[in-house]
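For reference, the chains in residue letters:
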Amino acid sequence: MEEKELEIEEEMKEEGEEELAKEEEDKEEEQKEEEQKESKKFLKKKEKKDKKEEKIAELEDKVKRQMAEFENFRKRTEKQKSAMFEVGAKSVIEKILPIIDNFERGLLSVPEEEKGSAFSEGMQMIYKQLLTGLEEIGVKAIESVGQNFDPELHNAVMHIDDEQYGENEVVEEMQKGYMYHDSVVRHSMVKVAN
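Since we're looking at a predicted model, the values are computed, not measured. (Residues numbered from 1 in each chain as written. Predicted model: local features only at pLDDT ≥ 70, side-chain atom pairs only at ≥ 80, totals over all residues. Heavy atoms only, no water.)

Novice: Help me out: how do you make sense of the overall build of the protein in this one?
Specialist: A tally of regular secondary structure across the protein gives 2 helices and 6 strands. In sequence order, the secondary structure elements of the protein are arranged as α-α-β-β-β-β-β-β. Relative to its length of 194 residues, the protein is extended, with a C-alpha radius of gyration of 49 Å against a globular reference of 16 Å. For the protein, the spread of C-alpha atoms along the principal axes amounts to about 165 × 45 × 20 Å. Across the 194 residues of the protein, 16% fall into the buried class. Within the protein, residue pairs in contact and separated by at least 24 positions form 64% of the contacts whose partners lie at least 6 positions apart. On the protein, roughly 16200 Å² of surface is accessible, and the fraction owed to carbon and sulfur atoms is 52%. (Helix = DSSP H or I, 4+ residues; strand = E, 2+ residues; numbered from the N terminus. Rg over C-alpha atoms; globule rule 2.2 N^0.38 Å. Buried < 20%, exposed > 50% of the residue type's maximum accessible area, 1.4 Å probe, protein only. Contact = heavy atoms within 4.5 Å. Areas by Shrake-Rupley, 256 points an atom, 1.4 Å probe, with all protein chains shown as cover.)

Okay, here's the thing in structure tokens:
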């Protein structure tokens, strides 16, 4: 009987070991399944994350492009404003230049005996004030007499041959020319030698 009991015990041990082995296998399978589920979840999250990152990158690119477009628009409108101001200023200056010409003609026609009179001095002061105001906004007269003829600055209305002067030298200014900053408002009317 003891042998039978030993056999039974051994069988039970073997059955217990088999059950333990089976339980361990089941646990391992469950672990593998869990790991696969986790892996799938991770991949799905990563996929979602990748899609989100792509969308974020796309939106960032879009925002950068719009900011660059706006900056270009701002610069363009700034240039247009300054160009419009320049055109407006030139237009006003062109209307004032004949008044300056008339002041100069009037001051040249004052007889010598009246040059010290209050009226003559008042006219001289107004003329100087007008020129000073124009200089302050960037208007200056073009120097012509004694300079070489420059078609960008001068308008030749007469030509003389005289050995006393150099070639293409401006010998007389018939009407003053003026510049506003770096652009010509009115060309000087000049007489050119040789």
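Novice: What is the right way to look at the environment of A141 in this model?
Specialist: Position of A141 among the secondary structure elements: in strand 1 (residues 139-141). Apart from the residues within four sequence positions on either side, A141 is in contact with K176, G177 and Y178.

Novice: Help me out: how do you make sense of helix 2 (residues 118-136) in this one?
Specialist: Spacing of three or four residues puts side chains on the same side of an α-helix, whose turn is 3.6 residues. With 19 residues, helix 2 ought to run about 27 Å at 1.5 Å a step, and its terminal C-alpha atoms sit 27 Å apart, in line with that. S120, Y127 and L134 are the residues of helix 2 that are buried. One face of helix 2 carries all of its buried residues, which in axial projection span an arc of 55°. Exposed residues lying more than 90 degrees from the buried face of helix 2 are A118, M125, Q129 and E136. Count one or two residues on from helix 2 and you reach G138, which has phi positive near 110°. (Expected span 1.5 Å × (residues − 1). Arc of directions from axis to C-beta.)

Novice: Please explain the environment of D162 as it appears in this structure.
Specialist: Here D162 lies in the loop between strand 2 (154-160) and strand 3 (169-175). With 149 residues separating them along the chain, D162 and K13 place their C-alpha atoms 138 Å apart.

Novice: For this particular structure, what's the right way to read the pairing of strand 5 (residues 183-186)?
Specialist: As paired strands, strand 4 (residues 178-180) and strand 5 are joined by 3 bridges and run antiparallel to one another. Bridging across to strand 5, M179 finds its partner in V184. Between strand 4 and strand 5, which pair antiparallel one after the other, the connecting turn spans 2 residues, and H181 there sits at a positive phi close to 55°. (Pairing = 2+ DSSP bridges.)

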